[in-house]
Amino acid sequence: HAQLISDLAGNEIDLAITLEAQDVTTSLVEPGVPAEFDRFVVGECKLRVLVPHGSSADGTDTLAARSVDGMAIATINRAHGVTLSEAVLRELLRLNFKVLRPPEGDAVSVMRYGALMGVAAVDLGWFGTVSGMSVRDVETMDLRTSLVVLTRKNELRDGVELFIRELMQGGASDKQS
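Residues numbered from 1 in each chain as written. Predicted model: local features only at pLDDT ≥ 70, side-chain atom pairs only at ≥ 80, totals over all residues. Heavy atoms only, no water.

## Quick notes on the pattern of salt bridges
Where side chains of opposite charge bring their charged atoms close, a pairing between them can arise. Defined as follows: Definition used for salt bridges: Asp or Glu carboxyl oxygen within 4 Å of a side-chain nitrogen of Lys or Arg. Helix and strand definitions here come from DSSP, where helices need a minimum of 4 consecutive H or I residues and strands a minimum of 2 consecutive E residues; each element is numbered from the N-terminal end. Here the term buried applies to any residue with accessible area under 20% of the maximum for its type, exposed to any over 50%, and partly exposed to those in between, with areas from a 1.4 Å probe on protein chains only.
Applying the stated criterion across every chain, the model contains seven salt bridges. Here D58 makes a salt bridge to R136, at a shortest N to O gap of 2.9 Å. Taken together, the residues D58 in the loop between β3 (48–52) and β4 (62–63) and R136 in strand β8 (residues 133–138) connect sequence positions 78 residues apart. Residue R136 is classed as buried on the basis of its relative accessible area, which comes to 10%.

## With respect to helix α2 (residues 82–94)
Applicable threshold: In this analysis, the expected span of each helix is defined as 1.5 Å times one less than the number of residues it contains. Any two residues having at least one pair of non-hydrogen atoms within 4.5 Å are treated as being in contact.
With 13 residues, α2 should cover 18 Å at 1.5 Å per step; its first-to-last C-alpha distance of 18 Å lies within 8% of that length. Residues V82, T83, L84, S85, E86, A87, V88, E91 and L92 constitute the buried set of α2. On its buried face, α2 is in contact with β1 (15–21), β5 (72–74), β6 (98–100), β7 (120–123) and β9 (144–152). Positive phi shows up at N96, right after α2, with a value of about 65°.

## Section: the environment of E36
Of note, E36 is situated in the loop between β1 and β2 (37–46). When the C-alpha positions of E36 and A16 are compared, they lie 14 Å apart, and in sequence the two are 20 residues distant. Those residues in contact with E36 that sit more than four places away from it in its chain are T151, R152 and K153.

## Let's talk about the nonpolar core
Condition: Buried Ala, Val, Leu, Ile, Met, Phe, Trp, Tyr and Cys residues form a nonpolar core when they are joined through side-chain atoms within 4.5 Å.
Core analysis: the largest hydrophobic core is formed by 31 residues, its most contacted members being V49, V88, F97, L124, V138 and M141. Going through the elements one at a time, β1, β3, β5, α2, α3 (107–117), β7 and β8 are the ones with two or more residues in this core. Considering every element that reaches this core, the biggest residue donor is α2, with four residues. Within the second largest apolar cluster, seven residues are counted, among which are I5, L8, F37 and V148.

## Here's the deal with the environment of M71
With respect to the helices, strands and loops of the structure, M71 is situated in the loop between β4 and β5. For the pair M71 and F97, spaced 26 residues apart in sequence, the C-alpha separation works out to 5.1 Å. With near-sequence residues (within four places) excluded, M71 lies in contact with A57, N96, F97, K98 and A120.

## Re unusual backbone geometry
Only a minority of non-glycine residues have a phi that is not negative, and only a minority of peptide bonds are not trans. For N96, which is not a glycine, the phi torsion comes out positive at approximately 65°. Tracing the chain through its elements places N96 in the loop between α2 and β6. For T140, which is not glycine, the phi dihedral falls at a positive 65°. As for its placement among the helices and strands, T140 is situated in the loop between β8 and β9. Under the relative-accessibility criterion, T140 is labelled partly exposed at 41%.

## Here's the deal with the sheet that holds β9
The condition that has to hold: Each pair of strands is called paired provided DSSP finds at least two bridges between the two strands. For every element, the axis is a line fit to its C-alpha atoms; helices are fit only across the contacting stretch, and the angle between N-to-C directions ranges from 0 to 180 degrees.
Ordered in space as β1-β9-β2, the three strands form an open sheet in which the pairing is antiparallel. Taken across any chain shown, the strands that pair with only one partner, and hence form the sheet edges, are β1 and β2. Averaged over all pairs of adjacent strands, the angle between their axes in this sheet comes to 25°, without regard to strand direction.

Structural data, given as structure tokens:
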């Protein structure tokens, strides 16, 4: 995330598409989005859990908070940004999951790891699901993720302006400066 911000500020890229934890704008080590950028929220997804088919957690649509106490779960690393990974970790620890760190920590690899190892996995909501796993809500798990497009203010090339116009017509929320 920090590299995307730097590249956007340095005119290396015209826009950045990121995943963010809703209502979490900064971390201890990663800066927030600078004021000179516009943010367009494309959509939001609730953080959920993938559970292996046939597991005890597979029998209900919503897992009780007490049922995940001590449950092993594979989670993302900083591949999607420090702020998002910290927010997800805080939510998992709040619910007392036993957090596992797979060798590869992007969202898709985490889901595949969960299926391969027969453990629960974090589902950010944006990458579909994997064979052998069921998607479940968890009571009191409130974290949501947002798909966000960042642009520089008033410095858009024609192609970027067209992209943003199409995005807004498709239902993205108004820009947030």
